[in-house]
Amino acid sequence: MKTRIIFAALALAAAMPLLVSGVFAADGAAPAKVPSGPHPITQEIPADPMAKEITDDHKRARNYADQPPLIPHAIRDYQIDLNINKCMTCHDRKNTEGSQAPMISVTHFQDRDGQTLGAVSPRRYFCTQCHVPQTDAQPITGNRFRDIDSILAGGKEGAK
């Protein structure tokens, strides 16, 4: 019985806007005016050109501790899904000798409890959720970030 009352109350709450608009229409009130002309939702604005990937295979310096390394090569057609992870063909510990690619971190072989697994942890399997390709895109906003080495080298001017 309580369930029926709850469903009836929810149905009435969902139908309330329709009932109210019907009352105003019956009273002769004018419906809400929709602005004519170009509207932001219907305007077609051309997208900015895509940034070009940097694929020179040079490792980039990391900006902060524990930052995932950037991907220094093209990954456009890489398949990463439940069945296949193309990254593992080079970066798996069994394949690094032949590919000369760096092995994935040992942290990728730990589960959330810190126990070491024999294979890559499922929560670390989808590489591109953390690792991204490097592009020549310019920053959208300015950045005054300074890493700890530049702060220590600069003396007091880096301190705030």
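Rules used throughout
- Residues numbered from 1 in each chain as written.
- Predicted model: local features only at pLDDT ≥ 70, side-chain atom pairs only at ≥ 80, totals over all residues.
- Heavy atoms only, no water.
- Helix = DSSP H or I, 4+ residues; strand = E, 2+ residues; numbered from the N terminus.
- Core = buried A, V, L, I, M, F, W, Y, C linked by side-chain atoms within 4.5 Å.
- Buried < 20%, exposed > 50% of the residue type's maximum accessible area, 1.4 Å probe, protein only.
- Contact = heavy atoms within 4.5 Å.
- UniProt positions renumbered as here; feature names shortened; annotations may be inferred.

> Can you tell me about unusual backbone geometry, naming the residues and giving the values?
Backbone geometry places Asp57, a non-glycine residue, at a positive phi of 60°. By secondary structure assignment, the location of Asp57 is in the loop between helix 1 (2-26) and helix 2 (88-91).

> If you had to explain the nonpolar core to someone new, which residues and values would you point to?
Of all hydrophobic cores here, the largest spans 6 residues; its members are Cys87, Met88, Ile104, Phe109, Val120 and Cys127. Every residue in contact with Phe109, bar those within four places of it in the chain, is listed here: Asp92, Arg93, Ile104, Gln115, Thr116, Leu117, Gly118, Ala119, Val120 and Ser121.

> Describe the UniProt feature "binding site: heme c 1" in the protein chain, listing the residues and the values that go with them.
The sites that UniProt annotates as "binding site: heme c 1" are His73, Cys87, Cys90 and His91. These annotated residues cover 19 residues of sequence, and their C-alpha atoms lie no more than 12.8 Å from one another, placing them together at a single site. Counting through the fold element by element, His73 comes out in the loop between helix 1 and helix 2. Of note, Cys87 is situated in the loop between helix 1 and helix 2. With near-sequence residues (within four places) excluded, Cys87 lies in contact with Tyr78, Ile80 and Cys127.

> Quick one: what's the story with the environment of Pro68, residue by residue and with numbers?
Mapped onto the secondary structure, Pro68 falls in the loop between helix 1 and helix 2. The exposure class assigned to Pro68 is partly exposed, which follows from its relative accessible area of 25%. C-alpha of Pro68 to C-alpha of Val132: the two residues are 64 residues apart in sequence and 8.5 Å apart in space. Ignoring any residue separated from it by four or fewer positions in sequence, one finds Pro68 in contact with Cys130 and His131.

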